[in-house]
Amino acid sequence: TILLVLAIAFLSPIFIVLMNSFKGKFYISDTPFLFPNETTFVGLKNYTSGVAKIDFFSAFGMSLFITVCSVAVIVLFTSMTAWYITRVKSKFTGMMYYAFVFSMIVPFQMVMFTMTKTANVLHLDNPIGIILIYLGFGSGLSVFMFSGFVKSIPLEVEEAVMIDGCNPPQAFFKVVLPILKPIAVTVAILNVMWVWNDFLLPDLLIGTEYKTIPIAIQYLKGGYGSIDMGAMMAMLVLAIVPIIIFYLTCQKYIIEGVVAGAVKG
């Protein structure tokens, strides 16, 4: 019963946004919790006007590019790092592991101003540079999850391919990486949801020139605080739908990946 109540509480805002996306913008503030009727219903007008106002497809393409590239480099480099620090036992790798773990507890707000200045100096305030920054911020949790999974892989598997003539990179890409598929999918899903929905980091680095969907939606605000609520609700729905479909399609892999790396042996 408690979980059902919580589920309704978390899902109700999404339903309210969806419902109001079909209302005229002058009725949303007056009747936000009522279903559209013959007076308030405007069909797809909010969607068409919102797409035109914020150049939605351009913002969608930018969000898609940043999300796909960021998640790809996160999965690749953090899996390699986790494999190295798990298999090579030394003080250096031990310090590396705890540095990654410690990075998870550092609030983003603590470093965002120095990060912004550093990114500006290093010319990382662009769509390519932000991918490297996402790699840095996403590496802590990803390395932690990959490390737990790598420990469950028998070392004898890697020793066998080494005897057959594989060098360490070949052993990783031909043997270890395919075994890491369940946790790699889990890491990818978690990072896709984070990067796709992220507002603060793109706003600090590339918001004025390269607009992702969360940034573009903010431009529906007009002068003197006026907001086209109808178009905003419609664009929020279009921004939410892809990530919901992606999550529902892949959610089973999250549980599989976490459980698979939970027990060693």
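Residues numbered from 1 in each chain as written. Predicted model: local features only at pLDDT ≥ 70, side-chain atom pairs only at ≥ 80, totals over all residues. Heavy atoms only, no water.

All right, on to the overall build of the protein then. Counting its secondary structure elements, the protein contains 13 helices and zero strands. The linear arrangement of helices and strands in the protein, starting from the amino end, is α-α-α-α-α-α-α-α-α-α-α-α-α. The 265 residues of the protein split such that 38% are buried. Taking the contacts inside the protein whose residues are at least 6 apart along the sequence as the reference set, 73% of them involve residues at least 24 apart. Element-wise, carbon and sulfur atoms account for 72% of the exposed surface of the protein, whose accessible area totals about 15300 Å². One way to put it: in the protein the 15 positive side-chain charges average out to a point 3 Å from where the 13 negative ones average out. (Helix = DSSP H or I, 4+ residues; strand = E, 2+ residues; numbered from the N terminus. Buried < 20%, exposed > 50% of the residue type's maximum accessible area, 1.4 Å probe, protein only. Contact = heavy atoms within 4.5 Å. Areas by Shrake-Rupley, 256 points an atom, 1.4 Å probe, with all protein chains shown as cover. Lys, Arg positive; Asp, Glu negative; His and termini not counted. Charge placed at Lys NZ, Arg CZ, Asp CG, Glu CD.)

Attention now goes to the packing of aromatic side chains. Considering all chains together, one arrives at 11 aromatic pairs under this definition. Relative to Phe41, the ring of Phe22 lies with its centre 6.3 Å away and its plane at 20°, an arrangement referred to as stacked. Of this pair, Phe22 sits in the loop between helix H1 (2-20) and helix H2 (25-28) while Phe41 sits in the loop between H2 and helix H3 (45-54); the two residues are 19 residues apart in sequence, bridging distant segments of the chain. For Phe41, a relative accessible area of 48% puts it in the partly exposed group. (Phe/Tyr/Trp six-rings, centres within 6.5 Å; stacked < 30°, edge-to-face > 60°.)

Its identity is not glycine, yet Asp55 carries a phi of approximately 50°, on the positive side. Checked against the element boundaries, Asp55 lands in the loop between H3 and helix H4 (56-87). Take Asp55: its relative accessible area is 45%, and that puts it in the partly exposed class. The backbone of His123 shows a phi angle near 60°, a positive value even though the residue is not glycine.

With respect to the element layout, Val5 can be found in helix H1. For the pair Val5 and Val175, spaced 170 residues apart in the sequence, the C-alpha separation amounts to 45 Å.

Our next topic: the nonpolar core. Counting residues in hydrophobic clusters, the biggest one holds 43 residues, and the most contacted among them are Phe146, Leu180, Ile217 and Met235. Of all elements in the fold, only H3, H4, helix H5 (91-103), helix H7 (127-150), helix H9 (168-179), helix H10 (181-197), helix H12 (213-218) and helix H13 (229-260) reach the threshold of two or more residues within this core. Those residues in contact with Phe146 that lie beyond four places of it in its chain are Val75, Thr78, Ser79, Ala82, Leu180, Ile183, Ala184 and Val187. Within the second largest apolar cluster, 13 residues are counted, among which are Met62, Ile66, Phe108 and Ala119. (Core = buried A, V, L, I, M, F, W, Y, C linked by side-chain atoms within 4.5 Å.)

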